[in-house]
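Spelled out from the first residue to the last, the chains are:
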Amino acid sequence: MNNLIDKAQASTDNATLAALEQAKKANIETVWDRYQAQLPQCGFGETGLCCRHCMQGPCRISPFGESPQKGVCGANADVMVARWISRAVAAGTASHGGHAKHLAHTLLKSAIGEAPDYSIKDEAKLKAVAQRVGIETDNRSTNDIGKDVARKALEEFSEKDSPLTWAATTVTGGRVDSFVKHGVVPTGIDSEVAEIMHRTTYGVDADAINLLLGAVKCALADYAGCHIATDIADVLFGTPKPLITQANLGVINPDAVNIAVHGHNPLLSDMISQIASDADLNEKAKAAGASAGINIVGVCCTGNEVMVRHGIPLATSSVSQEMAIVTGALDAMVVDYQCIMPSVATVAECYHTKLITTMPIAKIPGSVHIEFHESNAKQTAQTIIEHAIDAFKKRDPSKINIPTIKSKAFAGFSAEAIIEALALVNKDDPLKPLIDNIVAGNIYGVCLFAGCNNVKVPQDANYVSMIKELARNNVLILSTGCASGAFARQGFMTQEATNEYAGDGLKAVLTAIGEAAGLGGPLPLVLHMGSCVDNSRAADVAVAVANKLGVDLDKLPVVASAPEPVTEKAVAIGTWAVAAGLPTHLGVIPPVLGSKTVVEVLTSAIKGMFGGYFIVEPDPIQAARVLLDAISERRKGLGLSVVEFATEVV
Amino acid sequence: MKQIFVNADKCTACKSCEIACAVQHSKGKTLFSAIMEEPAPLKRIFVETDGETKMPVICRHCEDAPCLNACISGCLYRDEKGFVRRKKERCIGCYTCIMVCPFGVITMDKTKHIAVKCDRCHKLEIPACVNACPTGSLMLKELDDFLKEKQKQAVESAAVKAAAL
């Protein structure tokens, strides 16, 4: 099976490739083997033309205009494809919503004394959030404010008779008007998910355009869910500030008890990171033979959460998650939920690694389940670390092979941190340097990279090609989620990357801010804003700039890209980015091409409604060019200077 | 010459062969480009069922091909590999071939008004339909090898029966 992999098609990350070579030797099946085994994938699925919503099916529509052109119920290609998008958005919204609710419950329990291990770490953020959502802060205790913020957040989930507070209070007035005009104002996060499930079930909504607008409404509920998650995570664990750490498999330390935190929510990973420095636990680790004590490393977005807050190094991300185990030196992989491939259990069986599941909704056969409850979080975290120390004793030295590759990575650029950094250049008007440089063309535009690594793309290849093309054309790069993972592993979150890849204008700006911040050089080429739920941080910066300029988001030279997307969450985020007014690129073709109507609406007609639109382009250089053109169009609209880009590919 | 054989037991009627066939006969040769083409590319393989068995029905490139015998315009011919193919410009759209084909796998191109049939993907080592089949229902084999395997299976099942007695 392992012979099927063409390494160049698997990854461009040398650490991943080294581990993959190791997996091959050990005859361990990986995601790339399973992908090969799935080929060819079903053309009906690839084009979105199959439906399993009722028991009269499954139905398929011929993509070539032959019979059949309708499902048994009469649903045509447009309906099938639009229903798929709607349900994908709903699933993404449910995921971010579940994550956000979990945090809100914990904040509430913490504030009323039922979660003693959690406290409000960032009072300033709590007050800022409270004031934004209309909660009184004067002369009130922190816990009282926290309790009200948590309750207000929890109210967002069921259907209200008013718009979602976390959406309405965090976007521009222009966006609100546009959402009202097009009937896409969300009034409850869970209720929007339920509405999508209702309208896409047998015999309800058969109007593709109406379905797509429903998907937009649900995606805006997703935006609110994401924003709640980020806000409350910052309140409980602190708002990220710039720090320096490392990324890639080389952060796994052969002399330490290595514990990977994998999944999404910081509730457990932050607790594990906090107590990993506990003297008693480290003594136990040393007594077990781990001279370097306990080493926590991150995988995927919970890895990003602890990376941006505590500088916990990132071992790997997304498609290469199995590779952390293949190093033979990972003693435990602790998971919560989302993006955890069930295959990690199978890979862990080939090693001493303990896979530990922690959430009642996410169990994996072959793992140890240690259920996590907020009421005794520290105790749970301690038990998990003790399991890892036990596992360490069972390491097989002959199987240890850690690629020594790792990169330095600057991280922790929350919206607040970016404003603070800008304030070092202009204390009274922090946004002014950013806006002045955009106007002058030193910053040609801004691109937010988000999303995953998709097995269909050689890992990171699209990210790397696109960032080089955009940065040399002076586009400021922000990143979240596994896009951050890619850039961190590939060495783009460094000052060296700025010096090597940034165009002159961008380099000058990043250098001026970096030197004002005392870095003795530029800011890194990519500003790591956090996990995938933290895309709202980028939205906050864009909204602040738009409000300052007095224009709406759909006029700003800001674009978004998910060059290697995988998940339904990415569909939800992409859809709200479009509704927010951003040209939004996808580097993997989603299963929508079966409907010309849906493709036309999402890539073109929707621009007339919200200003944003999808760009589907698998070629990364071409994608970068299209995004640069989109930025130019926006700059022209604002009366700013425009560069004519060379047509030949450099 | 290798022939396409069908094991109906393994067919799940996923129709991947139909899609791959149409893509192979498109201009762009990829699914995502093919579905944008006008006119849409045509498939030459048909997944059918009698209510119980599901299987792809495909041109057998018969040794004594009725379509070839019936073609009055000199459109159909047998190529050097033994495949029954078309000289498209000679087709007059009489559809006699469609009438005489015992499998019903010659169809009409409604935009070009000519007959359309399987060309056994003569430029490919493995025909697109065989390559696309996820279950191995469609197989490309030498007739002799196919027979050998069937004969072995017959022995095995006889041995199983004997053991059971």
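Cut-offs applied
- Each residue is numbered by its place in its chain's sequence as written, counting from 1.
- In the order they appear in the text, chains get letters beginning with A and ligands get numbers beginning with 1.
- For this predicted model, a pLDDT threshold of at least 70 governs which residues receive local features, and a threshold of 80 or more governs which side-chain atom pairs are given and counted, while totals over whole chains, interfaces and linings are taken from all residues.
- The side-chain values count all of the structure's non-hydrogen atoms but skip hydrogen atoms and water molecules.
- The helix and strand labels rest on DSSP assignments: H or I over at least four residues marks a helix, E over at least two residues marks a strand, and numbering proceeds from the N terminus.
- Think of it in three bands: with a 1.4 Å probe and only protein chains considered, a residue is buried below 20% of the maximum accessible area for its type, exposed above 50%, and partly exposed in between.
- Whether two residues touch is decided by their heavy atoms; if any such pair falls within 4.5 Å, the residues are in contact.
- To be clear on the numbers: accessible area is Shrake-Rupley with a 1.4 Å probe, and residue cover counts the displayed protein chains and nothing else.
- Asp and Glu are treated as the negative residues and Lys and Arg as the positive ones, with His and the ends of the chain left uncounted.
- For this purpose, a charge sits on NZ of Lys, CZ of Arg, CG of Asp or CD of Glu.
- For two strands to be treated as a pair, DSSP must find no fewer than two bridges joining them.
- Think of the arc as the fan of directions from the helix axis to the C-beta atoms.
- Each axis is a line fitted through C-alpha atoms, taken for helices only over the stretch in contact, and angles between the N-to-C directions span 0 to 180 degrees.
- Buried surface area refers to the total accessible area, computed with a probe of radius 1.4 Å, that the two partners give up upon joining, counted for both partners together.
- Take a side-chain nitrogen of Lys or Arg and a carboxyl oxygen of Asp or Glu: if they are within 4 Å of each other, that pair is a salt bridge.
- Any pair of N or O atoms that falls within 3.5 Å is considered a polar contact. Within protein, one atom must be able to donate a hydrogen and the other to accept it, and sequence-neighbouring residues count only if both atoms are side-chain atoms.

Digging into the overall build of chain B
Regarding its fold elements, chain B presents 6 helices and 8 strands. Secondary structure elements of chain B occur, N-terminal to C-terminal, as β-α-α-β-β-α-β-β-α-β-β-α-β-α. Dimensions of chain B along its principal axes, counting C-alpha atoms only, are 60 × 40 × 30 Å. Looking at chain B as a whole, 42% of its 165 residues are labelled buried. Considering only residue pairs separated by 6 or more positions, chain B has 55% of its internal contacts joining residues 24 or more positions apart. Of the roughly 9,600 Å² of accessible surface on chain B, a fraction of 55% belongs to carbon and sulfur atoms. Within chain B, the 20 negative side-chain charges are centred at a point lying 3 Å from the centre of the 26 positive side-chain charges.

Quick look at the pairing of strand β13 (residues 526-530) of chain A
All names here are of chain A. Burial within β13 is extensive, with 5 of its 5 residues counted as buried. The sheet contact formed by strand β12 (residues 475-480) and β13 spans 4 bridges and is parallel. Within β13, the residue paired with Thr-480 across the bridge is Gly-530.

Thoughts on helix α18 (residues 415-423) of chain A
Residues and elements named next belong to chain A. Among the residues of α18, Ala-415, Ala-417, Ile-418, Ala-421 and Leu-422 are the ones counted as buried. Summarising the axial view, the buried residues of α18 lie within an arc of 165°, below the 170-degree limit, and thus occupy one face. The inward-facing, buried residues of α18 contact α19 (431-440), β12, α23 (504-516), β13 and α24 (535-549).

Overview of the sheet that holds β13(A)
Residues and elements named next belong to chain A. Overall, parallel pairing links the 6 strands, which are arranged β13-β12-β11-β14-β15-β16 in an open sheet. A strand with exactly one partner marks an edge of an open sheet, and here the two such strands are β13 and β16 (613-616). When the angles between neighbouring strand axes are averaged without regard to direction, this sheet yields 25°. Two strands pair when backbone bridges link them, and strand β14 (residues 558-562) and strand β15 (residues 583-586) are joined in this way by 3 bridges, in the parallel orientation. Along β15, the bridge assignment pairs Ala-560 with Thr-584. Where helix α21 (residues 481-489) meets the sheet, its contacts fall on β11 (445-449), β12 and β13, and the angle it forms with β12 comes to roughly 115°. Packing of helix α25 (residues 568-579) onto the sheet brings it into contact with β15 and β16, and relative to β16 it is tilted by some 125°.

Quick notes on the interface of chain B and chain A
You'll often see interface size given as the accessible area lost when the parts meet. If you look at the interface, chain B gives 19 residues, while chain A gives 15 residues. Buried area between chain B and chain A, summed over both chains or domains, comes out near 1,500 Å², and the portion from carbon and sulfur atoms is 70%. Looking only at chain B, the three residues that lose the most surface to chain A are Ile19(B), Phe32(B) and Ile35(B), adding up to 40% of its buried area. On inspection of chain B and its partner chain A, the count reaches 1 salt bridge. A salt bridge links Glu66(A) to Lys43(B); its shortest N-O distance comes to 4.0 Å. Across the contact surface, chain B and chain A share 3 residue pairs in polar contact (both at pLDDT 80 or more).

Looking at the side chain of Asp122(A)
Residues and elements named next belong to chain A. One can find Asp-122 in the loop between α5 (77-111) and α6 (123-132). Among buried charged residues, Asp-122 stands out as having no salt bridge; its nearest opposite-charge side chain is Lys-241, 5.6 Å away. A distance of 2.6 Å separates the side chain of Asp-122 from the side chain of Thr-239, its partner in a polar contact.

Focus: the environment of Ile228(A)
Residues and elements named next belong to chain A. By the element assignment, Ile-228 lies in helix α11 (residues 208-237). Sequence separation between Ile-228 and Leu-527 is 299 residues; the distance between their C-alpha atoms is 22 Å. In contact with Ile-228, other than residues within four places in its own chain, are Ala-100, Ala-153, Glu-156, Phe-157, Trp-166 and Ile-189.

A few points about unusual backbone geometry
Excluding glycine, residues mostly have negative phi values, and the peptide bonds linking residues are mostly trans. At the junction of Leu39(A) and Pro40(A), the peptide bond is cis and its omega measures out at -5° in the coordinates. Assignment of secondary structure puts Pro40(A) in the loop between α3 (31-38) and α4 (43-47). Residue Glu38(B) is joined to Pro39(B) through a cis peptide bond whose omega torsion reads -5°. For Pro39(B), the position within the fold is in the loop between α2 (31-34) and β2 (46-49). Phi at Cys339(A) takes a positive value of approximately 70°, unusual for a residue other than glycine. Position of Cys339(A) relative to the elements: it lies in the loop between β7 (332-335) and α16 (343-349). The exposure class of Cys339(A) is partly exposed, given its relative accessible area of 32%. For Arg120(B), which is not glycine, the phi torsion reads 55° and is therefore positive. As for its position among the elements, Arg120(B) is in the loop between β7 (114-116) and α5 (128-132). For Arg120(B), a relative accessible area of 8% corresponds to the buried category.

As for the side chain of Ser531(A)
Residues and elements named next belong to chain A. Structurally, the position occupied by Ser-531 is in the loop between β13 and α24. There is a polar contact of 2.8 Å between the side chain of Ser-531 and the side chain of Glu-305. For Ser-531, the residues in contact, after removing those within four places along its chain, are Cys-301, Asn-304, Glu-305, Thr-480 and Gly-481.

Concerning the pattern of salt bridges
Residues and elements named next belong to chain A. Counted by the stated rule, this structure contains 36 salt bridges over all chains. When the shortest N-O distance is used, the salt bridge between Lys-160 and Glu-156 registers 2.5 Å. Just as Lys-160 is buried, Glu-156 falls in that class too. Several salt bridges converge on common partners, so that one network encompasses Lys-125, Arg-132, Asp-231, Asp-234, Glu-305, Arg-309, Glu-416, Asp-534 and Arg-537.

Thoughts on the environment of Ala82(A)
All names here are of chain A. Note on placement: Ala-82 falls in helix α5. Owing to a relative accessible area of 0%, Ala-82 belongs among the buried residues under this scheme. Sequence-wise, Ala-82 and Leu-213 are 131 residues apart; in three dimensions their C-alpha atoms are separated by 9.7 Å. When residues no more than four places from it in sequence are discounted, the contact partners of Ala-82 are Ala-208, Leu-211, Leu-212 and Val-598.

This is a description of form; function is not addressed.
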